[in-house]
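# Fold and geometry: a report
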Amino acid sequence: MNMTMAAKNQALDDRLSKRNFDLLSKFIYDYSGIKMPLNKVTMLEGRLRRRLRVAGIASFDGYCDYLFKQGGLESEAVHLIDAVTTNKTDFFREPKHFEYMVQAALPNLLAAYADKRIRIWSSACSTGAEPYTLAMVMSEFLAASAPERDYFILATDLSTDVLQKGQRGIYQNDLLQPVPSDMMRKYVMRSSDPARQEMRITPKLRSKVGFARLNLMDDRYPVGDPMHIVFCRNVLIYFDKPTQNHVLSRLCDSLLPGGYLFVGHSETVTGFDLPIKQVANTVFQRM
Ligand SMILES: C[S@@+](CC[C@H](N)C(=O)[O-])C[C@H]1O[C@@H](n2cnc3c(N)ncnc32)[C@H](O)[C@@H]1O
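Residues numbered from 1 in each chain as written. Predicted model: local features only at pLDDT ≥ 70, side-chain atom pairs only at ≥ 80, totals over all residues. Heavy atoms only, no water.

## Regarding the overall build of the protein
Scanning the protein from terminus to terminus reveals eleven helices and ten strands. Against the 2.2 N^0.38 benchmark of 19 Å for 287 residues, the protein shows a C-alpha radius of gyration of 21 Å, consistent with a compact globule. In terms of its C-alpha atoms, the protein occupies a principal-axis envelope of roughly 65 × 55 × 30 Å. Burial status across the protein gives 53% buried among its 287 residues. Accessible surface, the protein: about 13800 Å² in total, of which carbon and sulfur atoms supply 52%. Between the averaged position of the 37 positive side-chain charges in the protein and that of its 31 negative side-chain charges there is a distance of 3 Å. (Helix = DSSP H or I, 4+ residues; strand = E, 2+ residues; numbered from the N terminus. Rg over C-alpha atoms; globule rule 2.2 N^0.38 Å. Buried < 20%, exposed > 50% of the residue type's maximum accessible area, 1.4 Å probe, protein only. Areas by Shrake-Rupley, 256 points an atom, 1.4 Å probe, with all protein chains shown as cover. Lys, Arg positive; Asp, Glu negative; His and termini not counted. Charge placed at Lys NZ, Arg CZ, Asp CG, Glu CD.)

Right, here's the structure in full:
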């Protein structure tokens, strides 16, 4: 048996010691804000096993020694975080948000601001379904209501894996199912090879979305001019209350007065002292 196969088999049977779990859990929390309580140990093991296989490391002990005793953390942190983040996403996820945007938020913002370009930030964008959905909605809305205006979507995430996928803009056909057929025709290209069950976002739509790495745990969010709209959906659930407060305060700082904040349908912003008022279910407006 060669080294890599030996490493594979050992990693499959391996379990994380409590001490190593605690070290990893503390690092993940400090770095990303993601809570990793002991009841997630099996999930963490599963995700790390994949990483160990790729890195050719035989055991969790070996991996944790490399990270915490041999200075490996500096280069490995990115991969560790890629492995532990949950990136589930969908096109037109929580569709009521996009209806609210078109029916209320955008008409209000166009009336309040003369900016040529509407700036929107998808702040935990995962593989790009959310920012490309926003780009489709914006293209349709502006073409019909304000063709003289333009827009740009900033799409950020902590995981470098998902950012690369977003930049490529290639998705399995299944994931694109929720996209309405008229938008599919305009904004999505079929693969020239029908055997490949995937499609690609058109270059024009891709050019409206810029991907960048941003950690919501950072003290400052260097996103340029304040945004008209910020989406921060289905990431707050991974954070504890102090981290949610940290993130939400900074997101509010990144919004224009009258700008809109959208959070996930299972997320709440109550109990924080924030300069926002609720205007619809999980939609807030900056005061
Ligand atoms: C479940 S996905 C949500 C994607 C999208 N917003 C949606 O609702 O479909 C959560 C995303 O948050 C990202 N994330 C986790 N911690 C983060 C952090 N500290 N800073 C930025 N992004 C983070 C993950 O990498 C993941 O892509």
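## Describing the packing of aromatic side chains
As enumerated under the stated definition, the model contains ten aromatic pairs in all. Residues Tyr100 and Tyr260 carry aromatic rings whose centres are separated by 6.0 Å and whose planes lie at 65° to one another, so their mutual orientation is edge-to-face. With Tyr100 in helix α6 (residues 96–112) and Tyr260 in strand β8 (residues 255–263), the pair connects residues that are 160 residues apart, well separated along the chain. In terms of burial, Tyr100 and Tyr260 fall into one category: buried. Each residue in the set Phe92, Phe98, Tyr100, Phe231, Tyr260 and Phe262 is aromatic and connected to the rest through ring pairs, giving one cluster. The ring of Tyr151 carries the charged tip of Lys208 above its face, separated from the ring centre by 4.9 Å. (Phe/Tyr/Trp six-rings, centres within 6.5 Å; stacked < 30°, edge-to-face > 60°. Lys NZ or Arg CZ within 6 Å of the ring centre and 35° of its normal.)

## Points about helix α11 (residues 241–253)
Look at α11: 18 Å from first C-alpha to last across 13 residues, which is about the 18 Å you get at 1.5 Å a residue. By the burial criterion, the buried members of α11 are Thr243, Gln244, His246, Val247, Leu248, Leu251 and Cys252. Looking at the buried positions of α11, the neighbouring elements they touch are α2 (18–32), β1 (117–122), β7 (227–232), β8, β9 (276–280) and β10 (283–286). (Expected span 1.5 Å × (residues − 1). Contact = heavy atoms within 4.5 Å.)

## Quick notes on the site of the ligand
In the region of the ligand, 21 residues are neighbours, and Thr89, Arg93, Ala124, Asp157 and Asn234 sit closest. At a separation of 2.8 Å, a nitrogen atom of the ligand approaches a polar backbone atom of Ala124. Within the complex, the protein chains bury 99% of what would otherwise be the 610 Å² of accessible surface of the ligand. (Near = heavy atom within 4 Å. Polar contact = N/O pair within 3.5 Å; in protein donor to acceptor, adjacent residues only side chain to side chain.)

## Structural notes on the side chain of Asp82
In this fold, Asp82 is placed in helix α5 (residues 73–84). For the buried Asp82, no salt bridge exists, and the shortest N-O distance to an oppositely charged side chain is 6.0 Å, to Arg213. (Salt bridge = Lys/Arg side-chain N within 4 Å of Asp/Glu carboxyl O.)

## What to know about the nonpolar core
Within soluble globular proteins, side chains that are nonpolar generally end up buried alongside one another. Of all hydrophobic cores here, the largest spans 48 residues; its most connected members are Leu44, Leu48, Trp121, Leu216, Leu251 and Leu261. Of all the elements in the fold, those that place two or more residues in this core are α2, α3 (41–55), α4 (60–68), α5, β7, α11 and β8. Ranked by residues supplied to this core, first place goes to α5 with six residues. Here this core gathers at least three residues from each of two domains, domain 1 (5–84) and domain 2 (96–286). Setting aside anything within four residues of it in sequence, one finds Leu216 in contact with Ser123, Tyr221, Cys232, Val235, Phe239, His246, Val247 and Leu251. Met136, Met183, Met199 and Phe231 belong to the second largest nonpolar core, which has 46 residues in total. (Core = buried A, V, L, I, M, F, W, Y, C linked by side-chain atoms within 4.5 Å. Domains from an automatic or database assignment.)

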